[in-house]
Amino acid sequence: MKPAAFGYFAPRDLPEALSLVSTYSSDGKVIAGGQSLVPLMNFRLARPSHLIDINGIGSLSGIDAADGRVTIGATTRQRDAGTHPDVKVQLPLLAEAISYIGHLAIQNRGTVGGSIAHADPAAELPVVALALDAQMHVQRTDGQRTIPAAEFSLGYLTTVLEADELLTATSFGVPPAGSGWCFSEVARRHGDFALVAVAVLLTLDAAGKVGSASIALGGVGPVPMRAGAAERLLVGEAPTDPVLRAAADTVGADVEPEDDIHASADYRRHLAGVLVRRALTTARARAAVAGNEHV
Amino acid sequence: MSATSHATTLGTNWVGQPLPRKEDGPLLTGRDRFLDDIGLLGMAHVAILRSPYAHARILRVDASAAAALPSVLAVLTGEEVVRVSRPQRGRIPLPVSPQVYALAHDKVVYVGQPVAAVAAIDRATAEDALDLIEVEYEPLPAVVTPEGAMAPDAPILFEEVGSNILWHDTFPYGDVDGAFERADRVVRERVTIHRYLSTPLETFGSIAQFDASTQTMTIWGSAHQPGQEINNVAAALGLSPGQVRMIVPPMGGGFGNKTRPIYHILIALLARKLAGRPVKWVEDRRESLLALCHAADGIMEMEAAIQDDGTILGLKFRNIENEGAGIDFAGRHNLLMLSNIVNCYRVPAVSYEGYSVVTNCCPVIANRGIGKPFMCLAVERMVDAVARETGLDRVEVRQRNFIQPDQFPYDTPSGQTYDSGDYPEMLRKALALLDYDQLLVDQEAARAAGRLVGIGIACGVEPAGSNLSYGMLISGPSQLLSGQGEAARVRMEPDGSATVYTGGIESGQGHSTALSQIVADELGLRPDQIRIVATFDSHSHPYTQTSGNYSNKFNGHDTAAAIGAAGKVREKLLARAARMLEVAAEDLELAAGRITVRGAPDRSLPIAQVAARAYWSLNDEAPDDEPGLEALHYYRNPRTRAPDAQRRLPVQMGFSAAAHVALVEIDPETFEIEVRRYGVVHDCGREINPMIVEGQVHGATVHGIAAALLEEFVYDDDGQLLTTSFMDYLKPSSADVPMIETDHLETLSPWTPLGTKGIGEGGAIVAPAAIASAVEDALKPLGITVSGLPITPTRLWRLASQGGKRYPI
Amino acid sequence: MSELTTISVTVNGEPREGRVEPRRSLADFLRQDMGLTGTHVGCEHGVCGACTVLVNGRSVRSCLLFAVQVNQQDVLTVEGLSPDGVTLHPLQQAFHEHHALQCGFCTPGMLLTSLELLRDNPAPTEAEVRLGLAGNLCMCTGYVNIVRAVLAAADGHAASASTAAGSETAESPPGALPRFPTGKEIA
Ligand SMILES: Cc1cc2nc3c(=O)[nH]c(=O)nc-3n(C[C@H](O)[C@H](O)[C@H](O)COP(=O)(O)OP(=O)(O)OC[C@H]3O[C@@H](n4cnc5c(N)ncnc54)[C@H](O)[C@@H]3O)c2cc1C
Ligand code: FES
Ligand code: FES
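Residues numbered from 1 in each chain as written. Chains lettered and ligands numbered in written order. Predicted model: local features only at pLDDT ≥ 70, side-chain atom pairs only at ≥ 80, totals over all residues. Heavy atoms only, no water.

Looking only at helices and strands, chain C features seven helices and five strands. If you list the helices and strands of chain C from N to C, you get β-β-α-β-β-β-α-α-α-α-α-α. Summed over all atoms, the accessible surface of chain C reaches about 6300 Å², with 53% contributed by carbon and sulfur. (Helix = DSSP H or I, 4+ residues; strand = E, 2+ residues; numbered from the N terminus. Areas by Shrake-Rupley, 256 points an atom, 1.4 Å probe, with all protein chains shown as cover.)

Glancing now at the domain arrangement of chain C. Residue and element names in this part refer to chain C. One can read the domain layout of chain C as domain 1 (5-80) and domain 2 (90-165). Placing the centre of domain 1 and that of domain 2 at their C-alpha centroids yields a distance of 22 Å. With 18 residues of domain 1 in contact, the opposing surface of domain 2 contributes 14 residues. For the domain 1 and domain 2 pair, buried surface summed over both sides reaches about 1200 Å², with 58% attributable to carbon and sulfur atoms. The tally of links between domain 1 and domain 2 comes to six residue pairs in polar contact (both at pLDDT 80 or more). A breakdown of the residues in the side of domain 1 that touches domain 2 according to their chemical character gives eight nonpolar, eight polar and two charged. (Domains from an automatic or database assignment. Contact = heavy atoms within 4.5 Å. Buried area = accessible area lost by both parts, 1.4 Å probe. Polar contact = N/O pair within 3.5 Å; in protein donor to acceptor, adjacent residues only side chain to side chain. Nonpolar A, V, L, I, M, F, W, Y, C, P; charged D, E, K, R; others polar.)

Attention now moves to the pairing of strand S2 (residues 28-31) of chain A. Residue and element names in this part refer to chain A. Two strands pair when backbone bridges link them, and S2 and strand S3 (residues 50-53) are joined in this way by four bridges, in the parallel orientation. Bridge assignment links Gly28 to a residue of S3, and that residue is His50. A crossover links S2 with its parallel partner S3, the connecting element being helix H2 (residues 37-42), and its sense is right-handed. (Pairing = 2+ DSSP bridges. Right-handed = clockwise from strand over helix to strand, strands pointing away.)

Next up on the list: the interface of chain A and chain B. Taken together, the contact between chain A and chain B spans 24 residues of the former and 31 residues of the latter. Taken over both partners, the interface formed by chain A and chain B buries close to 2400 Å², and the fraction arising from carbon and sulfur atoms is 53%. Of all residues in chain A, Arg188, Arg189 and Ile261 of chain A give up the largest surface area on contact with chain B, accounting jointly for 28% of the area buried on that side. Along the contact surface separating chain A from chain B lie seven salt bridges. Arg47 of chain A is the partner of Asp131 of chain B in a salt bridge, and the nearest nitrogen-oxygen pair spans 2.8 Å. Applying the counting rule to chain A against chain B returns 19 residue pairs in polar contact (both at pLDDT 80 or more). Here the element with the most residues in the side of chain A that touches chain B is helix H13 (residues 265-286) of chain A; it accounts for seven residues. Classifying every residue of the side of chain A that touches chain B by side-chain character gives eleven nonpolar, four polar and nine charged. (Salt bridge = Lys/Arg side-chain N within 4 Å of Asp/Glu carboxyl O.)

In this complex, chain B contributes 67 residues to the contact, which on the side of chain C involves 68 residues. Of the roughly 5600 Å² buried between chain B and chain C on both sides combined, carbon and sulfur atoms contribute 61%. Counting the surface chain B buries against chain C, the share from its top three residues, Leu28, Leu201 and Met739 of chain B, is 15%. At the surface where chain B touches chain C, the tally comes to three salt bridges.

The next point concerns the side chain of Glu493 of chain B. All names here are of chain B. Residue position: Glu493 is located in the loop between strand S19 (485-492) and strand S20 (498-502). The buried category is assigned to Glu493, whose relative accessible area is 16%. A polar contact of 2.9 Å, which involves the side chain of Glu493, links it to the side chain of Arg491. Aside from chain neighbours lying at most four places away, what touches Glu493 is Ala498, Thr499, Arg531, Ala611 and Tyr615. (Buried < 20%, exposed > 50% of the residue type's maximum accessible area, 1.4 Å probe, protein only.)

Before going further, it helps to spend a moment on the site of ligand 1. The environment of ligand 1 is formed by 33 residues, the closest being Val30, Gly34, Ser36, Thr111 and Glu124 of chain A. Looking at the residues close to ligand 1, they fall on chains A and C. One nitrogen or oxygen atom from the main chain of Gln35 of chain A is found 2.8 Å from an oxygen atom belonging to ligand 1. Isolated, ligand 1 exposes 950 Å² of accessible area, and the fraction of that covered by the protein chains is 96%. Looking at the shell around ligand 1, the elements that each hand over two or more residues are S2, helix H7 (112-118) and strand S10 (166-173) of chain A. Of the residues contributing to the shell around ligand 1, the split by class is 17 nonpolar, 13 polar and three charged. (Near = heavy atom within 4 Å.)

The next point concerns the nonpolar core. One recurring pattern in soluble globular proteins: nonpolar side chains tend to sit buried together. Counting residues in each nonpolar core, the largest one holds 266 residues, and the members touching the most others are Leu217 and Leu234 of chain A, Tyr423, Tyr678 and Val775 of chain B together with Phe95 of chain C. Leave out the neighbours within four places in its chain, and Phe95 of chain C touches Leu28 of chain B together with Ala100, Leu101, Thr107, Met110, Leu111, Ser114, Ile146, Ala149 and Val150 of chain C. Judged by nonpolar contacts, the second largest core, of 46 residues, contains Ala566, Ala577, Val583 and Val597 of chain B. (Core = buried A, V, L, I, M, F, W, Y, C linked by side-chain atoms within 4.5 Å.)

Let us look at the sheet that holds strand S26 (residues 630-636) of chain B. Residue and element names in this part refer to chain B. Spatial ordering of the open sheet is given by S21-S20-S19-S26, a layout of four strands whose pairing is mixed. Strands with a single pairing partner mark the edges of an open sheet, and in this sheet they are strand S21 (530-532) and S26. Sheet twist, expressed as the average angle between the axes of neighbouring strands with direction ignored, equals 20 degrees. Where S19 lies against S26, seven bridges are found, and the strand directions are antiparallel. Counterpart to Ala488 in the pairing with S26 is His633. On the sheet, helix H17 (residues 511-523) packs against S19, S20 and S21 and is oriented at approximately 140 degrees with respect to S21. Here helix H18 (residues 554-581) sits on the sheet in contact with S19 and S26, set at roughly 145 degrees to S26. (Axes fitted to C-alpha atoms, helices over the stretch in contact; angles between N-to-C directions.)

What follows is about the pattern of salt bridges. Here the structure, examined in full by the defined rule, presents 81 salt bridges over all chains. For Glu303 of chain B, the salt bridge goes to Arg188 of chain B, with nearest N and O atoms at 3.8 Å. With Glu303 of chain B in strand S13 (residues 297-306) and Arg188 of chain B in strand S8 (residues 185-193), this residue pair connects regions lying 115 residues apart in the sequence. Salt bridges sharing partners connect three or more residues here, namely Arg44 of chain A, Arg50, Arg123, Glu127, Asp128, Asp284 and Glu287 of chain B together with Glu21 and Arg23 of chain C.

Here we take up helix H11 (residues 241-249) of chain A. Because an α-helix completes one turn every 3.6 residues, residues spaced three or four positions apart along the sequence face the same direction. All names here are of chain A. Within H11, burial applies to Val243, Leu244, Ala247 and Ala248. For H11, the angular spread of the buried residues around the axis is 135 degrees, confining them to a single face. Exposed residues on H11 whose side chains face more than 90 degrees from its buried face are Pro242 and Asp249. Elements that come into contact with the buried residues of H11 comprise helix H10 (228-234), helix H12 (251-254) and H13. (Arc of directions from axis to C-beta.)

Note that Thr723 of chain B resides in the loop between helix H20 (690-709) and strand S29 (740-745). By relative accessible area, which is 1% here, Thr723 of chain B ends up buried. A polar contact is formed between the side chain of Thr723 of chain B and the backbone nitrogen of Val714 of chain B, at a distance of 3.3 Å. Setting aside residues up to four positions removed in sequence, Thr723 of chain B forms contacts with Ile261 of chain A together with Leu289, Glu712, Phe713, Val714, Asp728 and Tyr729 of chain B.

All names here are of chain B. Axis separation between helix H12 (residues 372-390) and helix H21 (residues 762-778) bottoms out at 7 Å; the angle between their running directions is 35 degrees. For the pair H12 and H21, the crossing hand works out as right-handed. Each of Lys372, Pro373, Cys376, Leu377, Glu380, Arg381, Asp384 and Arg388 in H12 lies in contact with H21, whose residues at this interface are Ala764, Ile765, Val766, Pro768, Ala769, Ala772, Ser773 and Glu776. Here the contact of H12 with H21 is composed, by residue class, of nine nonpolar, one polar and six charged. (Left-handed = near helix turned anticlockwise from the far one by under 90°.)

All names here are of chain B. Ordered by their spatial adjacency, four strands build an open sheet running S18-S27-S28-S29, and the pairing between neighbours is mixed. In this open sheet, the two strands that pair with only one neighbour each are strand S18 (452-463) and S29. Between one strand and the next, the sheet's axes are offset by a mean angle of 15 degrees, whatever the strand orientation. Packing against the sheet, helix H15 (residues 436-448) makes contact with S18, strand S27 (655-666) and strand S28 (673-683), and its axis sits at approximately 145 degrees to S18.

Let us now look at the domain arrangement of chain B. All names here are of chain B. Partitioning chain B into domains gives domain 1 (2-32 + 485-636), domain 2 (35-140 + 204-282) and domain 3 (297-467 + 644-807). A separation of 37 Å is found between the C-alpha centroids of domain 2 and domain 3. Between domain 2 and domain 3, the residue contacts involve 22 residues of the former and 20 residues of the latter. For the pairing of domain 2 and domain 3, the buried interface totals around 1700 Å² over both sides, and the portion due to carbon and sulfur atoms is 59%. Broken down residue by residue, the surface that domain 2 buries against domain 3 is led by Arg91, Ile92 and Phe255, which jointly contribute 28%. Our count for the contact surface shared by domain 2 and domain 3 stands at one salt bridge. Put simply, Asp328 and Arg260 hold a salt bridge, and the shortest N to O gap is 3.9 Å. Looking at the side of domain 2 that touches domain 3, its residues break down into twelve nonpolar, seven polar and three charged.

The subject of this paragraph is unusual backbone geometry. Between Phe408 of chain B and Pro409 of chain B the backbone carries a cis peptide bond, its omega angle lying at -10 degrees. On the secondary structure map, Pro409 of chain B appears in the loop between helix H13 (394-401) and strand S16 (410-411). Residue Pro790 of chain B is reached from Leu789 of chain B by a cis peptide bond, and omega for that bond is -5 degrees. Mapped onto the elements of the fold, Pro790 of chain B is located in the loop between strand S30 (785-786) and helix H22 (793-801). Positive phi is not limited to glycine here, since Ala119 of chain A has a value of about 60 degrees. Notably, Glu582 of chain B is not glycine yet its phi reads approximately 55 degrees, a positive angle.

Okay, here's the thing in structure tokens:
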């Protein structure tokens, strides 16, 4: 299981990287953590002619919290993101999600940007990105653009990224203080990709009613999806058990999971409902009524 | 040589002590040398082209482009292999045997079957060259289930056999009809098991080098049974076994899986082609999961004739075993299940009908416990079914049917003699280990709160040692291979330390430590003075065709061979000391590094002084004495024999046993299954090294738990394997299994020198049954019974959501 | 074979140079070019953990890194835990005393993962150890004794299972083999 031969570049700065990415856009590949790409190469399921290693570009790594957003550089290691104080405090949903990714050694290498760019429909980070309405910052030699999470993934392992574009950072909006959150999933074993993953964010208004709800799911279709019907059903309601249950019950109809050897489509559909209800329950317990955040 | 007297006659009792292992040092420091750590000058590296089809005719193979690459040293295709080698034979000669070669030539019969091989300057280059080999296939319909393969219109794998049923037979023992006539009722069960594998962390491999001048092939290879491998290679290449030198470096686990002769033959053929250049192939994980081997899947139909009090009068079995596309192990799972089929129970009448069926799946080989995990699962499911049908408690049904302690040695209907055991006490202890009474109370409370909590109970025998005559049940009494034994050579060195060579193979079980303890007791030395040459080398190590590490045979056979050889050395040593001290040898004692005249502590000699003379002072020799202190012992189990007229024979030579109690909880919505506690009480007779014994129990039990809940080879209808990576073939991690709690019981075997019995396999035999039982118990509020493995959340949920009552659907 | 690149890597504290194809994995570089065969390869797709080494102090899969990627970086392999191959690191000692290895193939990866685990969390609970080691498969031990060994090493008393190894009752004959050292002797 040795990869096919390739040429290797380790650009030192972003312009150099962008120019390489553009030059080799037809059959080259960017390598970040390599935790998804290299297994594919070892199985010879991916045979890039060249690898452009972006790990040496300092400007692509790091975490910046400002103006109500936390921006995470593409090559920031998942482990560093998950343990970073700004993330733990401002984006506990993200920190919780990262704890479900693989194992420590995977998180030590795997990057936040790599996971988002790889777009595995069962991966945790794209689900959180969707729940938090993240913005993906993308550059090419002649320009840059920002793509909302909801528009980023197109299908199984495919995104709107063009072959000559590089994802440089992902920026997450910090939820209002007092928001309740919960990331949860069912996997066959600890550290496996999720059969179904759920990210939930809930805010309560001063009356204790749901001010806003964000529910994103992974593993239930070719791309992560928002449970729009459930969100709409919740907003404006008191988050009682029957309300949460009713919201969760709508999820099954929204998702389009597929069969694989680990879970049938209908089982995934069922899990989606169960996980959403449970995650909502946890998020409710973690949420504070507006104005009482510090109580 | 009686068991108990033996160890007590000697001064120091190293046997029985939990010594840390002497193997550990190099393994801990990364200085050990596994197969893939061996590099030789000029070594060529092999990659194997494998069939993408489960069943296809090969129309054309063109390897010329690959062969033309300067970095490619040799290419081998099926056509050439057929020309230059002889076909392989199954272990048990079949009435009509398919012709199997190291590479497919006219047809492929499973995905992953080797079709061509390339030797190149390195592995990556060899893999590159595979892309250049063109193979034209004509796909044929494939069949992956044994029942499908038995259908009249099924595609036939081996035309020369004319059917996919390689073997079928029925074995009635005792008055089966009478038992069913007398029965108050008959209970029926159908139990299935899937394909899984222990997957040693180190994969299989082979290195071969051919010396053309002497026509000698040296193979460094993964092997459990070196005698068999040497003969396989010799026969295929037309060499004498004496021209094949086999070296087995330390193995990173084996579990029976590293037994695929075609690979050693293939690498040897390449080595012969390269005449001198060493050739290496180490299987990668994908190749391993795809095509090394799987444990057989099977379908067992059973009927039990019972009395209303739960007493089992008779059992009928009909087992269909899926051999995959292999002939190596044809019939063996069946015969090994047959020979243990009453498990721990006193069942006077049994009939067993077995089918060995080929399908377009990966060939079947031995896997930890071979056949017995399914035996135990089937019988234990049946015992629980008896409890269900009679309304009796499942513990009570077991206690009622157990072979009782005063019945040992106990003859089973098929001709096994169980040596020792106390099954009632074993189960009592296991229940006490997890505080069963309290568990029942807690379970009731949990159930009242809507939780699905289950307690699993299973008992099983763990046989040790196989009388290889069992193949005669298929091939008749003319079969060459019979009995079981092992060989050992012990040499006391001139400094008084000792070196031991055996035909056994080490793959992690701590044999070196255990043998050191045994030989130390025998020679009055300390274990650290005993050197075990663990890397088997047929040029230095004695062996027979039955040698190796399989069938749990270490405890009774390897030990006996070593004790035999050490005993001979001791006699030589004492005879020499007797002359030096001018006393009779019978008056000498051997302990703590000295030879002392009994009752005269001042008259003694250090062992080393006597040993030195044996090598240095040859003038000392009595005229008919040999110099040196070395002895060879070929041990053969005296209790093996051929089948009798009723086709009874002792297949297994000793019987450990264990009782497992498992506590599981199932999420009532997601049907995720958590094993919360797990207890094992085992009886393997005398424990040579209790720490090693515990380790075997832990590891085997986790194998069994994972087989029941996680591990599964899945084929689609076209015979494509869908689980070819560790992302999809799910091994358990430390976060997926609980601590294994253990206790033990010791009933000594009267037939092994030290009273030992086997311990390597039991956990893997009983755990699948215990998990099935626990899950069924947890699902009791839903009325679901469990008749097959593996148990997965997605399937359980589907069954429950459809209101089904029997798992699998 | 494509072009070779020269790399400089600090391996177990020693500066090393190598010339590698870009596709050479760090695992193969360590094993085949550096002769450090203690790093094992069990799956080559990142799941088993047998190939775990520390790069700049962090556990990584050396089968998922190319050697060219660790140019100018610091690698610790199992050989680095015991430079002379005899003296055991306390973790190794704990593994020895608790019978935390059978075939030993997973052991190097387990040791390096445990090293990082205990560095980051010097007093883990059993559950934390189980989670921390979940990326390393062991096919032999059922993990029981590995977990015990790591907990014991955390406690700082890598002892207890047994120290009877050749407990000095018998007298050594002249020229006897060195005993396999027990923990006390090394400590
Ligand atoms: C054993 C194991 C278990 C795992 N378990 C999980 C899990 O449970 N959940 C989970 O989510 N993941 C899991 N992973 C995958 C892991 O999270 C990966 O790290 C992640 O999916 C990809 O990130 P990476 O940095 O390694 O990307 P790489 O593997 O380097 O790249 C992945 C893909 O993204 C592209 N890419 C990377 N960075 C950029 C960029 N900045 N711009 C444009 N394209 C880019 C690459 O070209 C490549 O196509 C597991 C991996 C392993 C080996
Ligand atoms: S060999 Fe690297 S994780 Fe298995
Ligand atoms: S000891 Fe064999 S794999 Fe862990």
